[in-house]
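Okay, here's what each chain looks like letter by letter:
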Amino acid sequence: MTTRLRLGRAALAALPLLALGLMLVAPLARLAWQGWSGEPEFGPTGDVSLWSVWQDDYLRWRVFWSLAQAGGTCVLALVLGLPVAWVLARFEFPLRRLVLRLLMLPFVVPTLVAALGVLALWGPHGVFSGWLGLSLQNTPWLLLYGNLFFNLCLVVRAGVDALNQVSARQVAAARSLGATPWRAFWRVEWPAIAPWLASSLCLVFLYCFAGFGLALVLGGQRYATVEVEIYSLVAHELKLAEASVLALWMILLTGGVALAYAALEKRLAAPMRTEPLPRQRPSGVWQWLALASGLAVLAFFCVAPMLAIVWRAGSAGSEAWAQVLDDETLGALWNTLRFSFMALVLATVLGVAHALAATRSVAWRAAAFLPFVVSPVTVAFGLLLLYPQWTASLPLLVAAYAMLAYPFVAKS
């Protein structure tokens, strides 16, 4: 039986291992060779080395800004998300379950749709811009607001789950010893929830630092990130050597954050049995004000862009709605449904196989985080270099999406 189990585990590991090798490791190796050799491949280029990024003022600014906007988003998400998570975890109020169920909705909204919602609020002709007479176009705040729309829910969800793990007995013991609610939070609750929040902030940093769609639409030319620069170098200037060097530095910079996330997830994976604090109905003006403020934060950052899209669509004319039934639009919709369903099936197969194979292997479990380390633009660039004959083909598109999505299945 032991031999059969080992053979079965090896067979299960073979499928995701082959996928990781062909769709991630091999393209990254090709990308590394391109960046290290500095060869132009498809277009002319100057002298390129691994350190040329830090010798160029323009590229250095792109890297520093990418780090700054990702770090700034993490700070804002923590400052805004922790109080919201606390009121959702500690207070019982009508529609609380609905709020928790809809909390992750912004995270699954397509990137370009989210960008349109942000522009509908804060663009030159946006709703908030018209009311306040202030447009955020061509400012860094537009991208930061878009980042919070996507990622604030991650911190809030992690905070709610973490606060539900806090021991009611420890909090009661601290209060019985004379600790104020604020002191009990910092002495008892904060040490318990800090790893959960750190784990979510690692994901927020990775998504913001390696994000492409929002940075492309909301960042503009001045506040574009490294991912946008890599795309521009490949798609518009054919400077593949320079793009390869930038992509290599992206992998190195995100690799440390991804390793920290994997370590935190390993620590949090240990089951804990705790008696959570019972939720209470808000009493008094201050508690109701705290609840209203928390819900207002969610509404401002996570709900308002989606409502702006609905408002814009509702105010559109008949000609705009007629485009929905256009043959080209219907063809694009069919393509989206087709490759999304195929990628979903393949990601599910890979994720389940990886999870079953990793039940007793820490190293194999950590391998599930490899696609988190590399940004989609870098993956696409490596696939372009390694498989040029498969460019713009459905099998490569499905395989790439499945590779980037299956870690979520494996983790769950």
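Residues numbered from 1 in each chain as written. Predicted model: local features only at pLDDT ≥ 70, side-chain atom pairs only at ≥ 80, totals over all residues. Heavy atoms only, no water.

This paragraph deals with helix α15 (residues 327-357). The terminal C-alpha atoms of α15 lie 45 Å apart, and with 31 residues this matches the ideal 45 Å at 1.5 Å per residue to within 8%. Of all the residues in α15, the buried ones are Phe339, Ala343, Ala347, Leu350, Gly351, Ala353, His354 and Ala357. (Helix = DSSP H or I, 4+ residues; strand = E, 2+ residues; numbered from the N terminus. Expected span 1.5 Å × (residues − 1). Buried < 20%, exposed > 50% of the residue type's maximum accessible area, 1.4 Å probe, protein only.)

Oppositely charged side chains are able to pair whenever their charged atoms sit close together. In this structure the tally under the stated criterion is five salt bridges. A salt bridge links Glu189 to Arg90, with the nearest nitrogen and oxygen atoms 2.7 Å apart. Remark: Arg90 occurs in helix α3 (residues 57-90) and Glu189 occurs in helix α9 (residues 181-209); sequence separation between them is 99 residues. (Salt bridge = Lys/Arg side-chain N within 4 Å of Asp/Glu carboxyl O.)

Okay, the packing of aromatic side chains next. The tally for this structure, following the rule as stated, stands at 19 aromatic pairs. Ring geometry for Trp61 versus Trp65: centroids 6.1 Å apart, planes at 20°, classification stacked. With Trp61 and Trp65 both in helix α3 and four residues apart, the pair spans about one turn of that helix. Take Trp61: its relative accessible area is 36%, and that puts it in the partly exposed class. (Phe/Tyr/Trp six-rings, centres within 6.5 Å; stacked < 30°, edge-to-face > 60°.)

Residues Leu88, Leu121, Val156, Ile193, Ile230, Leu246 and Phe381 are the most contacted members of the largest nonpolar core, which totals 119 residues. Setting aside chain neighbours within four positions, we find Leu88 in contact with Phe93, Arg96, Val99, Leu100, Val156, Val160, Arg279, Leu295 and Leu298. (Core = buried A, V, L, I, M, F, W, Y, C linked by side-chain atoms within 4.5 Å. Contact = heavy atoms within 4.5 Å.)

Interpretation of this model should avoid reading the predicted coordinates in detail wherever pLDDT is low. Taken as a whole, the protein chain shows an average pLDDT of 82; of its residues, 90% reach a score of 70 or greater. Confidence, read as mean pLDDT per element, is least for helix α16 (residues 362-367) in the protein chain (71) and greatest for helix α7 (residues 140-163) (92). Between residues 40-46, whose pLDDT stays under 50, and residues either more than four places distant or in other chains, the model counts 17 contacts. (pLDDT = per-residue confidence, 0-100.)

Where α7 meets helix α13 (residues 285-315), the axes come as close as 9 Å, and the angle between the chain directions of the two elements is 125°. In terms of axis orientation, α7 runs oblique to α13. For the pair α7 and α13, the sense of crossing is left-handed. Along its contact with α7, which presents Tyr145, Leu148, Phe149, Leu152 and Val156, the element α13 presents Val297, Leu298, Phe300, Phe301, Cys302, Ala304, Pro305 and Met306. The residue makeup of the contact of α7 with α13, split by class, is 13 nonpolar, no polar and no charged. (Axes fitted to C-alpha atoms, helices over the stretch in contact; angles between N-to-C directions. Parallel < 35°, antiparallel > 145°, perpendicular 65-115°, else oblique. Left-handed = near helix turned anticlockwise from the far one by under 90°. Nonpolar A, V, L, I, M, F, W, Y, C, P; charged D, E, K, R; others polar.)

Working note: non-glycine residues mostly have negative phi, and peptide bonds are mostly trans. One non-glycine residue, Asn138, lies in positive phi territory at about 65°. Relative to the helices and strands, Asn138 is located in the loop between α6 (127-132) and α7. The residue Ala392 is not glycine, and still its phi comes out positive at about 65°. With respect to the helices and strands, the residue Ala392 is situated in the loop between α18 (376-386) and α19 (394-411).

Residue Arg90 is classed as buried on the basis of its relative accessible area of 8%. On a C-alpha basis, the gap between Arg90 and Asn164 in space is 8.6 Å, while along the polypeptide they are 74 residues apart. Of the polar contacts made by the side chain of Arg90, one reaches the backbone oxygen of Leu163; its length is 3.3 Å. (Polar contact = N/O pair within 3.5 Å; in protein donor to acceptor, adjacent residues only side chain to side chain.)

Take the state of the cysteines next. Evaluation of the coordinates by the stated rule reveals zero disulfides. Residue Cys202 stays outside any disulfide, its sulfur separated by 8.0 Å from that of Cys74, the closest cysteine. What makes Cys202 buried here is its relative accessible area of 13%. Unpaired in terms of disulfides, Cys208 finds its nearest cysteine sulfur in Cys74, a separation of 6.2 Å. (Disulfide = S-S within 2.5 Å.)

Turning to the packing of α3 against α13, a few remarks are in order. Closest axis-to-axis distance for the α3/α13 pair is 9 Å, and the angle between their directions is 125°. It follows that α3 is oblique to α13 by the angle criterion. Crossing geometry of α3 relative to α13 is assigned as left-handed. Note on element contacts: α13 touches α3 through Ala290, Leu291, Gly294, Leu295, Val297, Leu298 and Phe301, opposite Leu80, Val84, Val87 and Leu88. Across the contact of α3 with α13, the residue classes break down as 10 nonpolar, one polar and no charged.

Moving on, we come to a nonpolar patch on the surface. Together, Trp321, Val324, Leu325, Leu330, Leu333, Trp334 and Leu337 make up an exposed nonpolar region whose accessible area comes to about 770 Å². For the nonpolar patch, the leading source of residues is α15, giving four residues. Relative to the elements of secondary structure, Leu330 occurs in helix α15. Residue classification places Leu330 among the partly exposed positions, given a relative accessible area of 39%. (Patch = residues over 30% accessible without salt bridge, like charges linked within 9 Å, V, L, I, M, F, W, Y side chains within 5 Å. Areas by Shrake-Rupley, 256 points an atom, 1.4 Å probe, with all protein chains shown as cover.)

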